[in-house]
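Geometric and topological summary
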Amino acid sequence: MNIPANLKYTKDHEWVSVEGEIATVGITDFAQKELGDIVYVEVETLDQTLEKDEVFGTVEAVKTVSDLFLPLSGEIIEFNEELVQNPEAVNTDPYGKGWMVKVKIADTSEIAELLTDESYKNLIGA
């Protein structure tokens, strides 16, 4: 299982990459394997400011639909438009081409509440 050490994680299986005041968010390798083949990613919160843990979108797999929870408070400034035509990128490259949104972080102190790669491995039993 791929759990990059340079990222932060949530108990809801989102990953976060922080660069300055911008966070890139997607779902983990573990999450995409659990969901199965991703057929649709929906984010209707572009340009909205949401609180940490609010639902920012959904990911639809062949057998289920799952909510996506925002790991940090902030404004959703970008959606990965590639996922409209190529949602399977979430399965094939969850930490690269499968990223979902970029967020302008409202409260950088929340970053400290995210899980490290080691804490996330413990959570999923990896």
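Here the structure is shown first, and the text comes after it.
This structure is a prediction, so every number in the text was calculated from the model and none was measured.

Parameters and conventions
- Residues numbered from 1 in each chain as written.
- Predicted model: local features only at pLDDT ≥ 70, side-chain atom pairs only at ≥ 80, totals over all residues.
- Heavy atoms only, no water.
- Helix = DSSP H or I, 4+ residues; strand = E, 2+ residues; numbered from the N terminus.
- Buried < 20%, exposed > 50% of the residue type's maximum accessible area, 1.4 Å probe, protein only.
- Contact = heavy atoms within 4.5 Å.
- Pairing = 2+ DSSP bridges.

1. Looking at the environment of isoleucine 3
Here isoleucine 3 shows up in the segment before β1 (8-9). Judged by its relative accessible area of 10%, isoleucine 3 falls in the buried class. Residues isoleucine 3 and lysine 121, 118 residues apart in the sequence, show an inter-C-alpha distance of 7.6 Å. The contacts of isoleucine 3, once residues within four sequence positions are left out, are Tyr9, Tyr95, Asp117, Tyr120, Lys121, Ile124 and Ala126.

2. Comments concerning the sheet that holds strand β5 (residues 49-50)
The strand order across the open sheet built from six strands is β1-β2-β3-β9-β8-β5, with neighbouring strands paired in antiparallel fashion. Bordering the open sheet on either side are β1 and β5, each of which pairs with just one other strand. Where β5 lies against strand β8 (residues 74-79), two bridges are found, and the strand directions are antiparallel. Across the sheet, residue leucine 50 finds its bridge partner in β8, namely glycine 74.

3. A look at unusual backbone geometry
Positive phi is not limited to glycine here, since aspartate 47 has a value of about 70°. Relative to the helices and strands, aspartate 47 is located in the loop between β4 (38-42) and β5. Among the residues examined, aspartate 47 registers a relative accessible area of 56% and is labelled exposed.

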